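The chain contents come next:
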Amino acid sequence: MIARKTARSGVVLWLLALICCAQWAHALDLEEYRVKASLLGNFAMFTEWPDAVGETLTLCVYGPDPFGEDLSSLKGKKIAKRSLAVKRVNSVDALGDCQIVFISRAVISNLPRVLDVVNGRPALTVADSPGAAARGVALNMATDGSKINFEANLRVARGNGLNLNSNMLRLATEVIK
């Protein structure tokens, strides 16, 4: 009887530990995307946009939105003389009006189609998937332990008529020229 109670207590403690760890991991994930949302705003700010873009920069999240309300805080933010708008889209065809395109990890397999739609236009592509900068994304965020860094594909950005600020590029872990 005592052995059964001890075993049951051990299972209950193990389940509680599992729940606590899952909640902790979820909190870390939320913090990661809070920082990444802030980085998206900074990427927009440290990019030189052609005059043809107009008065609004539209940031589109393609695929499932990992940012939640943290991205909504960027709505209306002033980027030089432009205002930032935020849209969530689930269709590659809807990306034609976007100047900043965040490609969610869940849809990174559609990257060739996304690039077909946005390349050659003043669009800054951003992802957080391993190898995305080498595959044609202008800026790719990566998590290294508790630190978030990014890689830059200067060739892609320039091909889309965008100039990335040299101070921002100094912070990149890799710059593809």
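Refer to the structure presented above.
Residues numbered from 1 in each chain as written. Predicted model: local features only at pLDDT ≥ 70, side-chain atom pairs only at ≥ 80, totals over all residues. Heavy atoms only, no water.

Colleague: Sorry, what's going on with unusual backbone geometry here?
Modeller: Among all residues except glycine, the phi angle is most often negative; among peptide bonds, the trans geometry is most common. For Ala-80, which is not a glycine, the phi torsion comes out positive at approximately 55°. Its location among the elements puts Ala-80 in the loop between strand 3 (78-79) and strand 4 (82-89). For Ala-80, a relative accessible area of 72% gives the class exposed. (Helix = DSSP H or I, 4+ residues; strand = E, 2+ residues; numbered from the N terminus. Buried < 20%, exposed > 50% of the residue type's maximum accessible area, 1.4 Å probe, protein only.)

Colleague: Would you take a moment to explain the environment of Asn-167 for this structure?
Modeller: Among the structural elements, Asn-167 can be located in helix 5 (residues 166-171). On the accessibility criterion, Asn-167 (44% relative accessible area) is partly exposed. A sequence separation of 121 residues divides Asn-167 from Phe-46, and the C-alpha atoms of the two residues are 8.3 Å apart. Separated by 2.4 Å, the side chains of Asn-167 and Arg-170 make a polar contact. (Polar contact = N/O pair within 3.5 Å; in protein donor to acceptor, adjacent residues only side chain to side chain.)

Colleague: Where do I start with the packing of aromatic side chains in this structure?
Modeller: Under the criterion given, the structure shown has three aromatic pairs. Each ring, one from Phe-43 and one from Phe-150, has its centre 5.1 Å from the other, and the planes form 65°; the classification is edge-to-face. Highlighted residues: Phe-43 in helix 1 (residues 2-45) and Phe-150 in strand 8 (residues 147-153), separated in sequence by 107 residues. Members of the aromatic cluster, joined through ring pairs, are Tyr-33, Phe-67 and Phe-102. (Phe/Tyr/Trp six-rings, centres within 6.5 Å; stacked < 30°, edge-to-face > 60°.)

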